[in-house]
Amino acid sequence: MTVVAQILVAAGKGARFKGETPKQYMDLGGKTVLRRSLDNLKAAWPTTRAFVIVHAQGDPLLADAIEGFDGIIVPVTGGSTRCQSVRAGIATLEDLAPDLILIHDAARPFVSKRVIEDVVDALKTNEAAVPVLPIVDAVKAFDGQIGDDLARGHMRRVQTPQGFRFQDVWPLYQTLSPDADFADDIALAKNAGLSIGTVDGDEKTFKITFPEDLEKARQMLGNGTYIATGTGFDVHRTEPGDLLWLCGVAIEAGFALKGHSDADVGLHALTDALYGALAEGDIGDHFPPTDPQWKGAESHVFLTHAKDRVQARGGTIQHVDVTLICEKPKVKPHRAAMRARVAELLEIAETRVSIKATTTEQLGFTGRGEGIAAQASATLSLPDHD
Ligand code: MG
């Protein structure tokens, strides 16, 4: 199998970005730009043997940015120029001696799987490969004044990842003079006379250079999904007994709840909230009370079905909130267990699960202890094409 290593160049200070935090560490939808690049590179080429991250010296933000990454990361301090930084990165791969290396700007978070596949493919017949894009705007010489038209048909914009055969490119960097500076790695390869293949780049793989680029990237992440909120409400009558179920937790309350299933009023309201956000009817449509197979059913079956429907629709459960309405039992002692159980059933973090309780000041059927009510809301993100 072809051994591929990837180098992320993240040593930039971001002079054009004007922020105190280097752009590769800015937040982009809950991850740093660098981490999003890293995760996308991994997703695009899952068998990558190692990811070398070339970072600025003494960079305190790197550890957080790579925490929990499932892959081999080799951090290395960059040099004074891009070439020297990449050289330091490639040097760490000498023992691994991969067949191919891909060198990518960490500030291009939306790397395309198709482009990576095309670059690797192009390296079968070329010593180096680069993604390029045409220039659509007119291009003119400029020195403070508009000059002559330049022939844009003969120009290309150049992106990353740029791909190389390790055995060809490593000697070039080993013999690089300390003051040599090339705009990118392909320029060095070109200077050395390597054969260079081109593949179609991807507009989405733009480089975050100015603050407005980060805004554009954030908008791109938001696009393609919409937020849906559903609500649910349920009531179960109390009956003699000693144990009842609330939000997936058995509680010795000295009474029970009556129902066709285990009568977990909290999970029923929550299940309906999920169906509501999906606009897929209610719990009675999916689990008819007239159907004997659901008699005595454990309510986690219903909630799991609703969660599976969210996943089948390509959605994500962002948050759920349940309010239990009763005088008894006291919910607070069981709240942590309820949150844990609901989070487990929905496969989301406990921080996204809220369980609350209230009484009705001894008024009405809940106040008299004739029944327990529950209401819930669920917030989902769903794909726009849904
Ligand atoms: Mg019910």
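Residues numbered from 1 in each chain as written. Predicted model: local features only at pLDDT ≥ 70, side-chain atom pairs only at ≥ 80, totals over all residues. Heavy atoms only, no water.

K.L.:
How would you summarise the overall build of the chain if you had to cite specific residues and measurements?
P.N.:
Helix and strand counts for the chain come out as 12 helices and 19 strands. Relative to its length of 386 residues, the chain is extended, with a C-alpha radius of gyration of 29 Å against a globular reference of 21 Å. Judged by the C-alpha coordinates and their principal axes, the chain covers about 85 × 50 × 40 Å. In the chain, which comprises 386 residues, the proportion classed as buried is 48%. In the chain, of all internal contacts separated by at least 6 residues, the share reaching a separation of at least 24 is 71%. (Helix = DSSP H or I, 4+ residues; strand = E, 2+ residues; numbered from the N terminus. Rg over C-alpha atoms; globule rule 2.2 N^0.38 Å. Buried < 20%, exposed > 50% of the residue type's maximum accessible area, 1.4 Å probe, protein only. Contact = heavy atoms within 4.5 Å.)

K.L.:
Summarise the coordination of the magnesium ion; cite the residues concerned and give the values.
P.N.:
Every protein donor of the magnesium ion is accounted for by Asp-234 (OD), His-236 (NE2) and His-268 (ND1), and the metal-donor separations fall at 2.1 to 2.2 Å. Expressed as a motif, the donor residue spacing for the magnesium ion is D-x1-H-x31-H. On the criterion of sequence distance, the pair formed by Asp-234 in strand E13 (residues 225-239) and His-268 in helix H8 (residues 265-278) is long-range, its members being 34 residues apart. (Donors = N, O, S within 2.8 Å, 3.2 Å for Na, K, Ca; no water.)

K.L.:
Just give me the short version of the domain arrangement of the chain, but keep the residues and values in it.
P.N.:
Under the domain assignment, the chain is made up of domain 1 (4-221) and domain 2 (225-383). Taking only C-alpha atoms, the centre of domain 1 and the centre of domain 2 are 49 Å apart. (Domains from an automatic or database assignment.)

K.L.:
Now, about the packing of aromatic side chains: what can you tell me, with residues and values included?
P.N.:
Within the structure shown, the criterion is met by 6 aromatic pairs. Ring plane angle 55° and centroid distance 6.3 Å describe the contact between Phe-110 and Phe-206, whose orientation is recorded as tilted. With Phe-110 in the loop between strand E6 (100-105) and helix H4 (113-122) and Phe-206 in the loop between strand E12 (196-200) and helix H7 (211-222), this residue pair connects regions lying 96 residues apart in the sequence. Like Phe-206, Phe-110 is buried. When the centroid spacing of 4.7 Å and the interplanar angle of 85° are considered together, the rings of Phe-287 and Trp-294 count as edge-to-face. The same class applies to Phe-287 as to Trp-294, namely buried. Within the aromatic cluster, the residues linked to one another by ring pairs are Phe-287, Trp-294 and Phe-302. The aromatic ring of Phe-69 is capped on one face by Lys-42, whose charged end is 5.6 Å from the ring centroid. Note that Lys-216 overlies the ring of Phe-206, its terminal NZ or CZ placed 4.0 Å from the centroid. (Phe/Tyr/Trp six-rings, centres within 6.5 Å; stacked < 30°, edge-to-face > 60°. Lys NZ or Arg CZ within 6 Å of the ring centre and 35° of its normal.)

K.L.:
If you had to explain a nonpolar patch on the surface to someone new, which residues and values would you point to?
P.N.:
Nonpolar side chains collect at one region of the surface, where Phe-233, Val-235 and Phe-365 lie side by side and expose about 260 Å² of accessible area between them. Its location among the elements puts Phe-365 in helix H12 (residues 364-367). What makes Phe-365 partly exposed here is its relative accessible area of 34%. (Patch = residues over 30% accessible without salt bridge, like charges linked within 9 Å, V, L, I, M, F, W, Y side chains within 5 Å. Areas by Shrake-Rupley, 256 points an atom, 1.4 Å probe, with all protein chains shown as cover. Salt bridge = Lys/Arg side-chain N within 4 Å of Asp/Glu carboxyl O.)

K.L.:
Could you give an account of the environment of Val-249, naming the residues involved and the relevant values?
P.N.:
Counting through the fold element by element, Val-249 comes out in strand E15 (residues 249-252). When its relative accessible area of 13% is taken as the criterion, Val-249 is described as buried. C-alpha of Val-249 to C-alpha of Ile-72: the two residues are 177 residues apart in sequence and 41 Å apart in space. Other than its neighbours up to four places away in sequence, Val-249 contacts Leu-244, Asp-264, Ala-337 and Met-338.

K.L.:
Tell me about the nonpolar core, residues and numbers included.
P.N.:
Within the largest apolar cluster, 46 residues are counted, with the highest numbers of intra-cluster contacts made by Leu-246, Leu-274, Leu-324, Met-338, Val-342 and Leu-346. Secondary-structure elements contributing two or more residues to this core are strand E14 (243-246), E15, H8, helix H10 (300-312), strand E17 (316-325), helix H11 (335-346), strand E18 (353-358) and strand E19 (371-383). Among the elements that make up this core, the one with the highest residue count is H8 (9 residues). One finds Ile-103, Trp-170, Tyr-173 and Leu-176 within the second-largest nonpolar core, a separate group that totals 29 residues. (Core = buried A, V, L, I, M, F, W, Y, C linked by side-chain atoms within 4.5 Å.)

K.L.:
A description of the side chain of Asp-272 should follow, citing residues and the corresponding values.
P.N.:
Topologically, Asp-272 is positioned in helix H8. Summary of buried charges: Asp-272 has no salt-bridge partner, and the nearest side chain of opposite charge, Arg-309, is 13 Å away. Ignoring anything within four residues of it in the chain, the contact list for Asp-272 reads Thr-231, Gly-232, Phe-233, Asp-282 and Ile-283. (Lys, Arg positive; Asp, Glu negative; His and termini not counted.)

K.L.:
Talk me through the sheet that holds E13; I want residue IDs and the actual numbers.
P.N.:
Taken in spatial order, the 5 strands make up an open sheet running E16-E13-E19-E17-E18, and their pairing is mixed. At either end of the open sheet lies a strand with only one pairing partner, and these are strand E16 (256-257) and E18. Pairing between E13 and E19: 13 bridges, direction antiparallel. Along E19, the bridge assignment pairs Thr-231 with Ser-377. (Pairing = 2+ DSSP bridges.)

K.L.:
Please set out the pattern of salt bridges residue by residue, giving values where relevant.
P.N.:
Two side chains with opposite charge may pair up if their charged atoms get near one another. Here the structure, examined in full by the defined rule, presents 20 salt bridges. A salt bridge links Asp-149 to Lys-140; its shortest N-O distance comes to 2.4 Å. You can call Lys-140 partly exposed: its relative accessible area is 37%. The partner of Lys-204 in a salt bridge is Asp-202, and the shortest N-O contact between them spans 3.6 Å. In the salt-bridge network here, residues are joined through shared partners; they are Arg-82, Asp-105, Arg-108, Asp-185 and Lys-207.

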